[in-house]
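Residue-level structural notes
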Amino acid sequence: MIDTLKLYNSLKREKEEFKPIHEGFVGMYVCGPTVYNDVHLGNCRTFMSFDMIYRYLLHQGYKVRYVRNITDVGHLLDDGEDRILKGARLEQLEPMEVVQKYTNGFHDMMDVFNTLRPSIEPRATQHIIEQIEMVESILKNGFAYEKNGSVYFDTMKFAKETNKYGELSGRIIEDLMSESRDDLKNQSEKNHPSDFAIWMKAAPEHIMKWSSPWSVGFPGWHLECSAMSTKYLGETFDIHGGGNDLKFPHHENEIAQNVGSCGCSPANYWLHTNMLLMNGKKMSKSDGNTISPEQLFSGDSPHVSKGYSPMAIKFFMLMAHYRSTVDLTDDALLAGEKGYKKLMEAGRSMNHLKAEAQGPGKLDAQIEGLRKQAFEDMNDDFNTPKALSRLFEMVSIINGLKGGQLSSQDLSLAGLEALKKTYNDFVFEIFGLKDDMVNNDQSEYMNGLMNLIIDIRQTARETKDWGTSDKIRDVLKALDIQLKDGKDGTDWTIN
Ligand code: AMP
Ligand code: ZN
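In this report, we go over the structure that sits alongside the text.

Rules behind the numbers
- Residues numbered from 1 in each chain as written.
- Chains lettered and ligands numbered in written order.
- Predicted model: local features only at pLDDT ≥ 70, side-chain atom pairs only at ≥ 80, totals over all residues.
- Heavy atoms only, no water.
- Near = heavy atom within 4 Å.
- Polar contact = N/O pair within 3.5 Å; in protein donor to acceptor, adjacent residues only side chain to side chain.
- Areas by Shrake-Rupley, 256 points an atom, 1.4 Å probe, with all protein chains shown as cover.
- Helix = DSSP H or I, 4+ residues; strand = E, 2+ residues; numbered from the N terminus.
- Nonpolar A, V, L, I, M, F, W, Y, C, P; charged D, E, K, R; others polar.
- Donors = N, O, S within 2.8 Å, 3.2 Å for Na, K, Ca; no water.
- Buried < 20%, exposed > 50% of the residue type's maximum accessible area, 1.4 Å probe, protein only.
- Core = buried A, V, L, I, M, F, W, Y, C linked by side-chain atoms within 4.5 Å.
- Contact = heavy atoms within 4.5 Å.
- 1 Å grid on protein atoms, 1.4 Å probe; cavity = no way out; pocket = protein on both sides within 12 Å on 5 of 7 lines; lining within 4 Å.
- Points joined across faces, edges and corners; volume = space filled by probe spheres on them.
- Lys, Arg positive; Asp, Glu negative; His and termini not counted.
- Salt bridge = Lys/Arg side-chain N within 4 Å of Asp/Glu carboxyl O.
- Pairing = 2+ DSSP bridges.

Quick word on the site of ligand 1
Near ligand 1 you find 17 residues, and of these Thr-34, Gly-42, Thr-46, Asp-245 and Leu-276 are the closest. A distance of 2.8 Å is found between a nitrogen atom of ligand 1 and a backbone nitrogen or oxygen belonging to Leu-276. Isolated, ligand 1 exposes 500 Å² of accessible area, and the fraction of that covered by the protein chains is 91%. Counting residues per element, the shell around ligand 1 draws most heavily on helix α1 (residues 41-59), which supplies four residues. In terms of residue class, the shell around ligand 1 is built from six nonpolar, nine polar and two charged.

Focus on the coordination of the zinc ion (ligand 2)
Taken together, Cys-31 (SG), Cys-225 (SG) and His-250 (NE2) make up the full set of protein donors to the zinc ion (ligand 2), lying 2.0 to 2.2 Å away. Mapped onto the polypeptide sequence, the residues donating to the zinc ion (ligand 2) form the spacing pattern C-x193-C-x24-H. Within this pair, whereas Cys-225 is found in helix α7 (residues 221-233), its partner His-250 is found in helix α8 (residues 247-262), the two being separated by 25 residues in sequence. One exposure class covers both Cys-225 and His-250, and it is buried.

Things to note about the nonpolar core
Formed by 94 residues in total, the largest nonpolar core has its most connected members in Leu-41, Leu-57, Leu-328, Leu-343, Phe-382 and Phe-431. Sorting elements by how many residues they give to this core places α1 first, with ten residues. For Leu-343, the contacting residues outside a window of four places in its chain are Phe-315, Leu-388, Leu-391, Phe-392, Val-395, Tyr-423, Val-427 and Leu-433.

Observations concerning the layout of surface pockets
Quantified by volume, the second largest pocket comes out at close to 250 Å³. Lining the second largest pocket are 14 residues; nearest its centre among them are Phe-25, Val-26, Gly-27, Arg-65 and Leu-233. Of all the elements in the fold, those that place two or more residues in the lining of the second largest pocket are β3 (25-30), β4 (63-68), α7 and β9 (237-243).

Re the side chain of Glu-254
Among the secondary structure elements, Glu-254 is positioned in helix α8. Although buried, Glu-254 forms no salt bridge, and the nearest oppositely charged side chain, Lys-247, lies 14 Å from it. At a separation of 2.8 Å, a polar atom in the side chain of Glu-254 contacts the side chain of His-240. In contact with Glu-254, not counting residues within four places along its chain, are Cys-31, His-222, Cys-225, Ser-226, His-240 and Trp-270.

Notes on the side chain of Ser-229
Looking at where Ser-229 falls in the secondary structure, it is placed in helix α7. Judged by relative accessible area, which is 1%, Ser-229 ranks as buried. In this structure, Ser-229 is in contact with Tyr-29, Gly-234 and Phe-237, ignoring residues within four places of it in sequence.

Thoughts on the pairing of strand β1 (residues 6-9)
Burial along β1 is one-sided: Leu-7 and Asn-9 are buried, while Lys-6 and Tyr-8, pointing the other way, are not. The pairing of β1 with strand β2 (residues 14-17) spans four bridges and is classified as antiparallel. Among the inter-strand pairings, Lys-6 is bridged to a residue of β2, identified as Glu-17. Connecting β1 to the next strand, β2, in antiparallel fashion are four residues, including Arg-13 with a positive phi near 60°.

Now the structure itself:
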């Protein structure tokens, strides 16, 4: 591992050196999606940011247990309706059909963006027992009270006794005190407006409900993350993440529940990603200020002039630090696409470079320096824009060697290997990009392979080896690749 990793801990509001609880191991929990409709690009940005963090930790040699949940119960809308039940009502589906449908869609989209799957992906409905147990221990410790079959977390008592409510979001107890009981309006079961439900009694017509010591009901949204992170990562673990819109109330309440049940803070480091904006405003479905990933791929939206590939979009997002906002505009996407193509083209050219210096060449030291700096950038709270700028300095070296402005006499074989390793480590392993062109019939790689196959087929035909030539024809046909024999040779196309 190079140097030490520093990360911005939202809990302390400063960058801190990362020290895992168990050397060499990292436990990381990230709040996953609520699966009641299609995943939107803002969600994708957050999960891509944590994918980059996960990949970087893996690359640095950590054994990471990455837990990202699926919220399938308890996340209510402002009007009090459960999001999943609303989806089920609108689409006339079973609630679990809604959950499965949008979980599949979420996974597919995460694959399109080439993100790694988490180590464990627990669902809230599969952990009702653990959540009931947590409510029991919070009640036992005196930080919750029951009213008519529902159980509420007593924020005032917790704040006074532990001095911990508001630690993450910066809300102070005086703010809480000043919230008057008049604010309760129709939520009159609560003792104080900032109290929140950890168990809710279900109305008779409510579909998703379970027996508990208090009522037939369902858990509060915040509870699932407390219960599932404890189950899979322990009472205290290394990293907890999510979008910064979750800081309050979701994460603040998670901390309160964990401290309220076991007396210990859940995570040592809290990481929050910033929001994806569109034309300067937070991307959000409810405001209509949104574009779906599919619309962005196809260009079928008034917000963009053309379609963009998933990898060009991913590159565009990596150009911003995860704690900065990203404003999605057509111009910014065009610039991102240009950068992405330049990076990919350089990667392809890199494989044809020659290294002719006998000893260490002039360029070797420069490449080594850029590699070191790129790792330092990543160790500085995952500074992807800076690390990318080092990669673009390498792109200039590659293009200089290709175009003859730089000499291969100044590059040794070891230097070329370092260049290739740095490029591949960052572009493919850490940033998780792929070369779009590899799946395209214009690709250099595809062309190379197809020429080889066409050559073998030609030889097989000349030697009357019909078995081989038929096999080539059948396999290509199954892959929808068509060969066209002409007088100048054989061409191929993908149908
Ligand atoms: P949800 O499904 O609403 O619980 O959101 C899943 C994740 O996406 C959470 O971590 C949110 O913070 C995050 N998120 C929601 N909207 C945006 C946005 N516009 N930009 C970035 N992340 C977002
Ligand atoms: Zn959560």
